[in-house]
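# Tertiary structure, described
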Amino acid sequence: DSGRYSLARPPKELPPEVMLRHAEEYFEEWMETGDQFMRGADFMVKDKALKLAAFLLHQASERYIMCLLLVHTGYKPKEHDLEKLLAQAAGFDPRFTTVFPRNSSEEEHLFDLLRRAYVDARYSKAYRITEDELEAIGERVNSLKILSVEVCKNKIVELKNSMESSGNA
């Protein structure tokens, strides 16, 4: 220790009312943008821009997971790999491990199409996806949204109850 630099102090925990306000704001913003990506994917399918639809489904998935992480921790990782993001989400609810089942080669293929859509759907001429595959993936992304909403709302209620029990309401 040269004395020239000091180590950062650990961050202080936010007051409960601030944690609640942030969680509600994150929930509102990130769910809405996830829904916008879903609507964009629907439009792209109708416009026969299937690769862009796949990319938008990836973005919706990412948004729903990031919403969950932000509501629970206030932190958004700089990560785009859905497999890693789902593993982080499973730390808050193990059901996130089953949203994109991979028990068959078809299920594995669908998840791989979604996972690769972040880069390949935009930049690879070799990336191919069908309307049927997009529909199946879209159903799973919708399940991800429903689970994310449930787990986020439970956390927000928990924060409200914590504030009320501590007399900060």
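Residues numbered from 1 in each chain as written. Predicted model: local features only at pLDDT ≥ 70, side-chain atom pairs only at ≥ 80, totals over all residues. Heavy atoms only, no water.

## A word on the overall build of the protein chain
Check the secondary structure of the protein chain and you find six helices and zero strands. Starting at the N terminus and walking to the C terminus, you meet the elements of the protein chain as α-α-α-α-α-α. Seen along its three principal axes, the alpha-carbon backbone of the protein chain occupies a region of about 55 × 45 × 30 Å. Taken across its 169 residues, the protein chain has 41% of its residues classed as buried. Of all intrachain contacts in the protein chain linking residues separated by at least 6 positions in sequence, the fraction that spans at least 24 positions is 67%. (Helix = DSSP H or I, 4+ residues; strand = E, 2+ residues; numbered from the N terminus. Buried < 20%, exposed > 50% of the residue type's maximum accessible area, 1.4 Å probe, protein only. Contact = heavy atoms within 4.5 Å.)

## With respect to the environment of Glu131
Its location among the elements puts Glu131 in helix H6 (residues 131-165). Expressed as a C-alpha distance, the spacing of Glu131 and Ala49, which sit 82 residues apart in the sequence, is 9.9 Å. Once residues lying within four places of it in the same chain are set aside, the contact partners of Glu131 are Val45, Lys48 and Leu50.

## Observations regarding unusual backbone geometry
Of note in the backbone geometry, Lys48 takes a positive phi value of approximately 65° without being a glycine. Inspection of the secondary structure assignment puts Lys48 in the loop between helix H1 (16-46) and helix H2 (50-73). The exposed category is assigned to Lys48, whose relative accessible area is 59%.

## Quick word on the nonpolar core
One finds Phe96 and Val141 to be the most contacted residues of the largest nonpolar core, which totals 52 residues. For this core, the elements supplying multiple residues, two or more each, are H1, H2, helix H3 (82-90), helix H4 (105-117) and H6. For Val141, the contacting residues outside a window of four places in its chain are Met38, Leu57, Ala60, Ser61, Tyr64, Phe100 and Leu114. (Core = buried A, V, L, I, M, F, W, Y, C linked by side-chain atoms within 4.5 Å.)

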